[in-house]
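Architecture and fold: a report
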Amino acid sequence: MDLDYTGPNADRPRWRENAPFFALHAVAIGGAIMVGWSWAAFAWFAGSYAVRMFAITGGLHRYFSHRTFKTGRVFQFVLAFLAMSTAQQGPLWWAAHHRRHHKESDTPNDLHSPRQRGFYWSHVGWILSSRHRATDYAKIKDFAKYPELVFLNRHDMAFVVGYGALTMLVGGPIGFVWGFMMSIVVTWHATFCINSLAHVLGRRRYDTSDDSRNNGVLALLTFGEGWHNNHHHYQRSARQGFFWWEVDLTYYVLKGLEALHVVRDVAGVPRHVRDAVMPAPGSDLLSSTNKVPVITGRLP
Ligand SMILES: [Zn+2]
Ligand SMILES: [Zn+2]
């Protein structure tokens, strides 16, 4: 299809092309009402969500985008393959765009900055437009050298359809609705929230040049990605919850896989980087006030 990647209409949503995106929302909700809720539905939804969310956070984000740990070619393929079933385009597309986000975070060139273009654009508008449809292979040369990853990247929809058919075959309507449709929709919006809400809602521990925030609710929902200010502060760490109380499920799974020798060199955060927090609000004022001789109460 001839896509207008850079022309004046490139930012407009492509309604016809994105029809499956909207249809999936409608069918997921309608299907959930029809098949109802049950323990089988819960198992399909939770299992599917967990595996695929990990494939996004551990695979697309912490491995392909940031290379925060190492693994062999087979497990690298497994991560990309599982992530494909979430319908977030190809692994090379995902990682190349994410690398650009970090380079230009919250500047006018950022792909999805709420500061620059508001919530709608940062959450979903940039995906529905055609401006960012193409994969810039120059930004992901380190993985574009693997033909199997390029193949997945070029045929991503085939894997989505394949996963849908599998859930129907194995789990029937309950498996299809909860394990495929609903889990895809929830995984989409949980992921999108990191681009939108994690740059708006939450606390800033580190004085990064962008608006990234730490948000515990988003971190639980996205297996650790909600510690987004930590991540923008130090992208080389596979650990995004820098303290023990910052729950980071992806990191725990990666440490487990490291113990099993499936992955290796899982990078942590150096202590001096972790402790380089920005001063608390008003602390400058407080310290300068402390230096002023206290005269109150010394009246002759
Ligand atoms: Zn990142
Ligand atoms: Zn960000």
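Every value quoted in this text rests on a predicted model; they were computed, and no experiment measured them.

Broken down by element type, the protein chain carries 13 helices and two strands. Expressed as a percentage of its 300 residues, the buried residues of the protein chain come to 40%. Residue pairs in contact within the protein chain that sit at least 24 positions apart in sequence constitute 66% of those at least 6 positions apart.

So, about unusual backbone geometry. A positive phi angle, near 65°, is found at Gln89, a position not held by glycine. Even without a glycine there, the phi angle at Phe223 is positive, about 55°. With respect to the secondary-structure elements, Phe223 resides in the loop between α9 (216–221) and α10 (228–233).

At a minimum axis distance of 9 Å, the contact between helix α1 (residues 19–35) and helix α8 (residues 156–195) shows a crossing angle of 140°. If you check the angle between α1 and α8, you find them oblique. By crossing handedness, the relation of α1 to α8 is classed as left-handed. Contact residues: Leu24, His25, Val27, Ala28, Gly31, Ala32 and Val35 in α1; Pro173, Ile174, Val177, Met181, Met182, Ile184 and Val185 in α8. Each residue belonging to the contact of α1 with α8 can be placed in one class, and the counts come to 12 nonpolar, two polar and no charged.

Here we come to the nonpolar core. Counting 53 residues, the largest nonpolar core has Ala83, Leu92, Ala95, Trp178, Met181 and Leu218 as the members making the most contacts within it. When residues of this core are traced back to their parent elements, those giving at least two are α2 (39–65), α3 (73–84), α4 (91–103), α7 (147–154), α8, α9 and α11 (249–259). The element best represented in this core is α8, accounting for 13 residues. The contacts of Trp178, once residues within four sequence positions are left out, are Ala41, Trp44, Phe45 and Ser183.

Further remarks concern α7. Every buried residue of α7 is listed here: Leu149, Leu152 and Asn153. Here the buried residues of α7 occupy an arc of 100° about the axis, which is enough to place them on one side. In this structure, the buried side of α7 is in contact with α3, α4, α6 (141–144) and α8.

It is worth spelling out α1 at this point. Look at α1: 23 Å from first C-alpha to last across 17 residues, which is about the 24 Å you get at 1.5 Å a residue. Where α1 terminates, the next one or two residues include Gly36, which has phi positive at roughly 75°.

The next subject is the environment of Pro147. Among the secondary structure elements, Pro147 is positioned in helix α7. Measuring from C-alpha to C-alpha, the distance between Pro147 and His66 comes to 20 Å, with 81 residues separating the pair along the chain.

So, about the packing of α4 against α7. Interhelical geometry of α4 versus α7 gives an angle of 90° and a closest axis separation of 7 Å. Between α4 and α7, the interaxial angle falls into the category roughly perpendicular. Each of Pro91, Leu92 and Trp93 in α4 lies in contact with α7, whose residues at this interface are Leu149, Val150, Leu152 and Asn153. Of the residues belonging to the contact of α4 with α7, the class tally is six nonpolar, one polar and no charged.

Let us look at the confidence of the model for the protein chain. Any region with low pLDDT has predicted coordinates that should not be read closely. Summing up the model confidence of the protein chain, the mean pLDDT is 88 and the portion of residues at 70 or higher is 91%. The low-confidence segment residues 285–300 (pLDDT under 50) makes zero contacts with residues lying over four places distant or belonging to another chain.

Cut-off values and rules
Residues numbered from 1 in each chain as written. Chains lettered and ligands numbered in written order. Predicted model: local features only at pLDDT ≥ 70, side-chain atom pairs only at ≥ 80, totals over all residues. Helix = DSSP H or I, 4+ residues; strand = E, 2+ residues; numbered from the N terminus. Buried ≥ 20, exposed ≤ 12 C-beta atoms within 10 Å, placed from the backbone. Contact = placed C-beta atoms within 7 Å. Axes fitted to C-alpha atoms, helices over the stretch in contact; angles between N-to-C directions. Parallel < 35°, antiparallel > 145°, perpendicular 65-115°, else oblique. Left-handed = near helix turned anticlockwise from the far one by under 90°. Nonpolar A, V, L, I, M, F, W, Y, C, P; charged D, E, K, R; others polar. Core = buried A, V, L, I, M, F, W, Y, C linked by C-beta atoms within 7 Å. Arc of directions from axis to C-beta. Expected span 1.5 Å × (residues − 1). pLDDT = per-residue confidence, 0-100.

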